[in-house]
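Topology and contacts: notes
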Amino acid sequence: MIENSDNKKNFKDKLNNFYKGNKKKIIFLVLALTLVILSIIFLQYKNDQKNSLIAEKYVQAGIYLSSNNSNDAKLLYEEIILSKNKFYSILALNIIIEKKLLNDKEKIIKYFDLLEKSNLSKANKDLLILKKGLYLLKVSDTEEGYDLLKSLIEKNSNLKTIAEELLSK
């Protein structure tokens, strides 16, 4: 029993000596960890806030589009594309193409390129390449469209069978 209490005192003394010797380092480490945690929480909050704002803009653009205010809808969709949001940017580009809100081929290709360079998953990038290929085929740039579809086949993409079907037509 006495030996057990001596071990506890030795441990407490060692811990106390360690704390006294490394007090500044321990305080710095705790402050640094606190700062990192707070920064992560803040960045997550800002990201969520940004996503909510983009979602609201997407809904507003849809409202403009349904009320035949296509110019305002187009501006909002372009703003969403430029935000490079992983979800809404691709949807906005799809709507611009489907509803023919923008007829400038070069600008649409620039939007495709911008989204391809953004931080998308492999599946979303492949889907974007497929859509770009289909768009190019639609606007009579068949050679470049076929090249994009062939690149999907060569990469052994999940969309390989779709690209093969399109090339066989």
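Calculation notes
Residues numbered from 1 in each chain as written. Predicted model: local features only at pLDDT ≥ 70, side-chain atom pairs only at ≥ 80, totals over all residues. Heavy atoms only, no water. Helix = DSSP H or I, 4+ residues; strand = E, 2+ residues; numbered from the N terminus. Rg over C-alpha atoms; globule rule 2.2 N^0.38 Å. Buried < 20%, exposed > 50% of the residue type's maximum accessible area, 1.4 Å probe, protein only. Contact = heavy atoms within 4.5 Å. Areas by Shrake-Rupley, 256 points an atom, 1.4 Å probe, with all protein chains shown as cover. Lys, Arg positive; Asp, Glu negative; His and termini not counted. Charge placed at Lys NZ, Arg CZ, Asp CG, Glu CD. Axes fitted to C-alpha atoms, helices over the stretch in contact; angles between N-to-C directions. Parallel < 35°, antiparallel > 145°, perpendicular 65-115°, else oblique. Left-handed = near helix turned anticlockwise from the far one by under 90°. Nonpolar A, V, L, I, M, F, W, Y, C, P; charged D, E, K, R; others polar. Core = buried A, V, L, I, M, F, W, Y, C linked by side-chain atoms within 4.5 Å.

Scanning the protein for helices and strands turns up 8 helices and 0 strands. Counting from the amino terminus, the protein carries its helices and strands in the arrangement α-α-α-α-α-α-α-α. Its C-alpha atoms give the protein a radius of gyration of 28 Å, more than 25% over the compact-globule value 15 Å for 169 residues. Taken across its 169 residues, the protein has 28% of its residues classed as buried. Sequence-distant contacts, at least 24 apart, represent 43% of the contacts inside the protein between residues at least 6 apart. For the protein, the accessible area works out to roughly 12,000 Å², and carbon and sulfur atoms hold 58% of it. Mean positive and mean negative side-chain charge positions of the protein (29 and 21 charges, respectively) differ by 9 Å.

With that settled, consider the packing of helix 4 (residues 88–98) against helix 6 (residues 122–138). Following both chains from N to C, one finds helix 4 and helix 6 inclined at 15 degrees, their axes separated by 12 Å at the closest point. With respect to helix 6, the element helix 4 is oriented roughly parallel. The two elements helix 4 and helix 6 cross, and the hand of that crossing is left-handed. Between helix 4 and helix 6, the residues in contact are I90, L93, N94 and I97 and N124, L128, K131, Y135 and K138, respectively. Looking at the contact of helix 4 with helix 6, its residues break down into 5 nonpolar, 2 polar and 2 charged.

Before going further, it helps to spend a moment on the packing of helix 2 (residues 23–66) against helix 4. Relative to each other, helix 2 and helix 4 sit at 15 degrees, their axes nearing to 11 Å. Accordingly, the angle class assigned to the pair helix 2 and helix 4 is roughly parallel. In this structure, helix 2 crosses over helix 4, and the sense of that crossing is left-handed. Residues I54, A55, Y58 and L65 of helix 2 form the contact with helix 4, whose participating residues are Y88, L91, A92 and I95.

Judged by nonpolar contacts, the single largest core of 34 residues is most densely connected at Y77, I81, L93, I108, F112 and L128. Elements supplying a minimum of two residues to this core: helix 2, helix 3 (70–82), helix 4, helix 5 (105–117), helix 6 and helix 7 (142–154). Per element, the largest residue contribution to this core is 6 residues, and it comes from helix 4. With residues up to four places along the chain from it excluded, the contact list for L93 reads I81, I108, Y111, F112, L115 and L128.

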